[in-house]
Amino acid sequence: MKLKLKIWRQEGPSSPGKFVDYDMDHVSPDMSFLEMLDVLNVGLVKKGETPVEFDHDCREGICGSCALMINGNAHGPETGTATCQLHMRRFKDGDSVIIEPWRAKAFPVIKDLATDRTAFDRIMAAGGFISTNTGNAPEANSILIGHDTAESAMDSAACIGCGACVAACKNSSAMLFVSAKVSHLAQLPQGHPERAKRVRGMVTQMDNEGFGNCSNTGACEAACPKEIKLENITRLNREMVRAVFKD
Amino acid sequence: MASLKLFLKSSVGRKFLVAVTGLGLSGFVLTHMAGNLLMFVRPEAYNTYGHKLTSTPLIYLAEAGLLAMFLIHMGLALKLALENRTARAMGPSQNPSTCEKSARFGSQYMALTGVLVLVFVILHLISFKYGTYYAVTYNGVEMRDLHRLVIEKFKLPLYTGWYLVSMLVLFVHLAHGFSASFQSLGLFSVRNCLIKKLGWAFAFLVAGGFFIQPIYGYFYGGN
Ligand code: SF4
Ligand code: FES
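How each quantity is defined
Residues numbered from 1 in each chain as written. Chains lettered and ligands numbered in written order. Predicted model: local features only at pLDDT ≥ 70, side-chain atom pairs only at ≥ 80, totals over all residues. Heavy atoms only, no water. Helix = DSSP H or I, 4+ residues; strand = E, 2+ residues; numbered from the N terminus. Buried < 20%, exposed > 50% of the residue type's maximum accessible area, 1.4 Å probe, protein only. Contact = heavy atoms within 4.5 Å. Areas by Shrake-Rupley, 256 points an atom, 1.4 Å probe, with all protein chains shown as cover. Salt bridge = Lys/Arg side-chain N within 4 Å of Asp/Glu carboxyl O. Expected span 1.5 Å × (residues − 1). Arc of directions from axis to C-beta. Pairing = 2+ DSSP bridges. Phe/Tyr/Trp six-rings, centres within 6.5 Å; stacked < 30°, edge-to-face > 60°. Domains from an automatic or database assignment. Buried area = accessible area lost by both parts, 1.4 Å probe. Polar contact = N/O pair within 3.5 Å; in protein donor to acceptor, adjacent residues only side chain to side chain. Nonpolar A, V, L, I, M, F, W, Y, C, P; charged D, E, K, R; others polar. Near = heavy atom within 4 Å. 1 Å grid on protein atoms, 1.4 Å probe; cavity = no way out; pocket = protein on both sides within 12 Å on 5 of 7 lines; lining within 4 Å. Points joined across faces, edges and corners; volume = space filled by probe spheres on them.

(A) View of the overall build of chain A. Of the regular secondary structure elements, chain A holds eight helices and seven strands. In terms of overall dimensions, chain A has a C-alpha envelope of 60 × 35 × 35 Å along the principal axes. Counting over 247 residues, chain A shows a buried share of 53%. Excluding contacts between residues fewer than 6 apart, the proportion of contacts in chain A whose partners are at least 24 apart in sequence is 69%. Looking at chain A as shown, the accessible area adds up to about 10,900 Å², and 51% of this sits on carbon and sulfur atoms.

(B) Region of the structure containing the pattern of salt bridges. Residue and element names in this part refer to chain A. Summed over all chains, the structure comprises 17 salt bridges over all chains. Of the charged contacts in the structure, one is a salt bridge between Asp23 and Lys4, with a shortest N-O distance of 3.5 Å. Placement of Asp23 in strand S2 (residues 18–24) and of Lys4 in strand S1 (residues 3–9) is noted, with a sequence separation of 19 residues between them. On the accessibility criterion, Asp23 (59% relative accessible area) is exposed. Here Arg9 ties to Asp112 by a salt bridge, and the two come within 3.2 Å at their closest N and O atoms.

(C) Expanded view of helix H5 (residues 110–129) of chain B. Residues and elements named next belong to chain B. In this model H5 runs 26 Å from its N-terminal to its C-terminal C-alpha over 20 residues, within 8% of the 28 Å that 1.5 Å per residue would give. Taken together, the buried positions of H5 are Met110, Thr113, Val117, Phe120, His124, Ser127 and Phe128. Projected onto a plane normal to the axis of H5, the buried residues spread over an arc of 110 degrees and lie on a single side. In this structure, the buried side of H5 is in contact with helix H2 (11–37), strand S2 (141–144), helix H6 (146–154) and helix H7 (157–184).

(D) Examining the sheet that holds strand S4 (residues 73–74) of chain A more closely. Residues and elements named next belong to chain A. Ordered in space as S2-S1-S5-S3-S4, the five strands form an open sheet in which the pairing is mixed. A single partner strand is all that each edge strand has here, and the edge strands are S2 and S4. The pairing of strand S3 (residues 69–70) with S4 spans two bridges and is classified as antiparallel. Across the sheet, Met69 pairs through a bridge with Ala74, a residue of S4.

(E) Here's a closer look at the packing of aromatic side chains. Residue and element names in this part refer to chain B. Inspection of every chain in the model, using the stated rule, returns 22 aromatic pairs over all chains. For the pair Phe40 and Tyr216, a centre-to-centre distance of 4.9 Å together with 80 degrees between the ring planes defines the contact as edge-to-face. Separated by 176 residues along the polypeptide, Phe40 in the loop between H2 and helix H3 (43–55) and Tyr216 in helix H8 (residues 193–220) bring together distant segments of the chain. Accessibility expressed as a relative area gives 34% for Phe40, which makes it partly exposed. Seen in terms of ring centroids, Phe178 and Phe182 are 5.5 Å apart; in terms of plane orientation they differ by 80 degrees. Their pairing is edge-to-face. Taken together, the positions of Phe178 and Phe182, both in helix H7 and four residues apart, correspond to about one turn of that helix.

(F) Focus on the domain arrangement of chain A. Residues and elements named next belong to chain A. Parsing chain A into structural domains produces domain 1 (3–111) and domain 2 (118–246). Computed from C-alpha coordinates alone, the two centres of domain 1 and domain 2 are separated by 29 Å. Every contact between the two is made by 17 residues of domain 1 and, on the other side, 20 residues of domain 2. Here domain 1 meets domain 2 over a buried area of about 1,200 Å², counting both sides, of which 61% is carbon and sulfur. The largest contributions to the domain 1 side of the interface with domain 2 come from Gly80, Ala106 and Phe107, which together make up 33% of the buried area. The interface formed by domain 1 and domain 2 includes zero salt bridges. Counting across the domain 1 and domain 2 interface gives two residue pairs in polar contact (both at pLDDT 80 or more). Looking at the side of domain 1 that touches domain 2, its residues break down into ten nonpolar, six polar and one charged.

(G) Region of the structure containing the interface of chain B and chain A. Counting residues at the interface gives 43 residues for chain B, matched by 56 residues for chain A. Summed over both partners, the interface of chain B with chain A buries about 3,800 Å², with 53% contributed by carbon and sulfur atoms. The largest contributions to the chain B side of the interface with chain A come from Arg88, Lys101 and Gln183 of chain B, which together make up 18% of the buried area. Linking chain B to chain A there are one salt bridge. Ionic pairing is found between Glu221 of chain A and Arg191 of chain B, a salt bridge with its closest N-O pair at 2.2 Å. Inspection of the region where chain B meets chain A yields 29 residue pairs in polar contact (both at pLDDT 80 or more). Ranked by residues supplied to the side of chain B that touches chain A, first place goes to helix H4 (residues 58–88) of chain B with six residues. Looking at the side of chain B that touches chain A residue by residue, the classes come out as 16 nonpolar, 19 polar and eight charged.

(H) Examining the environment of Ala89 of chain B more closely. Of note, Ala89 of chain B is situated in the loop between H4 and H5. The sequence separation of Ala89 of chain B and Met167 of chain B amounts to 78 residues, and the corresponding C-alpha distance is 32 Å.

(I) Focus on the site of ligand 1. Residues and elements named next belong to chain A. Near ligand 1 lie 13 residues; those nearest to it are Cys159, Cys162, Gly163, Cys165 and Cys224. Contributing elements (two or more residues each) for the shell around ligand 1: helix H4 (164–168) and helix H5 (175–186). Among the residues forming the shell around ligand 1, the class breakdown is eleven nonpolar, two polar and no charged.

(J) Looking closely at the layout of surface pockets. Space inside the second largest pocket adds up to approximately 370 Å³. In terms of lining residues, the second largest pocket is bounded by 21 residues, among which Ala168 and Lys170 of chain A together with Asn95, Pro96 and Gln108 of chain B are the most central. Looking at the lining of the second largest pocket residue by residue, the classes come out as ten nonpolar, seven polar and four charged.

As structure tokens, this is what we get:
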């Protein structure tokens, strides 16, 4: 299969950057999208050119590093799929494919397709955890959690922090990510002692990082590889209101 | 107090205020639309309703409240929208090529439709509230003959056309805005089945109701 790639190349954070065309022959439909880029890079190295920089790690949809905007779709055309799990059979012979980095002020481009997403780490550091004393693991049955609650908290916890929600959102809002993290702990008894402090800290950090304001467009939910639901955003808003009455 | 201040300064708190005022304004457009329908009962009913509404001193309070809601809604929403543009810096070079990955109907154009509604509201106030005063007397009470002015205006094709286009714009704004408010308030997600249906129904009802009057005025006015 032949493809026409149009890839964003940018030297560094402050260089202008531009699209460069690459023609790919012999793309196997069984390749993953990242393998296709590997093949491209091997070719570039052979020609003495600089390979295309892109983030990846686990290549099985669990780490959240792979982050590509493919033809305007965060993580490509498939729903509920990270870029690394996308296969070339989703494309047709002769297709042109535009590949860009996540575009958001809070995610500056490091090089080519790789972006700096440490803003998410700073949001997590502002409250996305529980403080417990270390020591022996407590007896599991001493805190009972209903099945539905556990499932729902687990669904929120499935967020891999990839940032596709920000990339897909016209406001570059990080609400889906933050709401998934807040929801995960707000639903479990272990998260309750720091509930108000957590949501306040994380939302304040989110705003300070320069992410936009959510306008409930739903683009994030549609792009999310882990199918994090908009209900989480509703819950985050509720948690913020609740925190007004708690100190 | 400190936590309230933090809330109102945060993105979530400001969106909360946009939602509260948005729902307040939704209530206003709904009653306005219902009031318009009185025209089809009798011109007298329509004019008397207008007269009663404007002759109670409470009207000043209501108008002040309405104006405050408008200003808060617009001011905050525009401020948020400008911040969002800064946060975006540069969008992807194209919109999602797959339909499943696109955003909710109307949600991408809230600032634009909102500004258009504002322009409409200003011109609308000039044409009607501050428009020509015709007097009519029912049972010895003199009041404004708004019915005559409405019919007169809607006989003009250009005016009717502009009015209908504006109502379509309002429809798009409400189609997203009404249901989205519930999410901003932390009550229901916009994906909630009931809220979704309610949102569409509300937008259809209001815009549809506002459609009847100009169409009637244009085709049957004066006969
Ligand atoms: S909510 Fe979804 S899209 Fe956003 S960071 Fe988490 S996994 Fe990625
Ligand atoms: S590389 Fe880890 S999720 Fe894609």
